[in-house]
Amino acid sequence: MAELRKRIKSSKDGQRERVNELNRQIKKTGERQQRLLEAIEMGIIELDETKQRRAQQVKAAREALIDDGIIKMGKLNQCPVNNNLASK
């Protein structure tokens, strides 16, 4: 039983690390998106078809990371054994 708890805790820690990495990537992608939009708004760069397509790619990448993070967080919180371990 102790070995099972240890494996579950290790798995949970691994999932947390992956979620934390996703959060870092989401933040980084959001910052890139913000800088691009600010540069366009300030007139530093012109919004042409290429930059518009790139902005859409960055937005899609960020949304995919968010979706993946939500799924991983859901899996992390759904583990019934995690609740039992937390109460002990």
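Since we're looking at a predicted model, the values are computed, not measured.

1. Here's the deal with the overall build of the protein chain
Right, so step 1: Broken down by element type, the protein chain carries three helices and zero strands.
Right, so step 2: When the helices and strands of the protein chain are placed in sequence order, the string is α-α-α.
Right, so step 3: Here the protein chain, with 88 residues, has 19% of them falling under the buried criterion.
Right, so step 4: At a minimum sequence separation of 6, the contacts of the protein chain that also span at least 24 residues come to 74%.
Right, so step 5: Accessible surface for the protein chain amounts to roughly 6900 Å². Of this, 51% is attributable to carbon and sulfur atoms.

2. Some details on helix α1 (residues 2–41)
Right, so step 1: The terminal C-alpha atoms of α1, which comprises 40 residues, lie 58 Å apart, in line with the 58 Å expected from a rise of 1.5 Å per residue.
Right, so step 2: Among the residues of α1, those classed as buried are Ile8, Lys12, Gly14, Val19, Leu22, Ile26, Thr29, Gly30, Gln33, Leu36 and Ala39.
Right, so step 3: Immediately beyond the C-terminal end of α1, within one or two residues, lies glycine 43, with a positive phi of roughly 80°.

Cut-off values and rules
- Residues numbered from 1 in each chain as written.
- Predicted model: local features only at pLDDT ≥ 70, side-chain atom pairs only at ≥ 80, totals over all residues.
- Heavy atoms only, no water.
- Helix = DSSP H or I, 4+ residues; strand = E, 2+ residues; numbered from the N terminus.
- Buried < 20%, exposed > 50% of the residue type's maximum accessible area, 1.4 Å probe, protein only.
- Contact = heavy atoms within 4.5 Å.
- Areas by Shrake-Rupley, 256 points an atom, 1.4 Å probe, with all protein chains shown as cover.
- Expected span 1.5 Å × (residues − 1).

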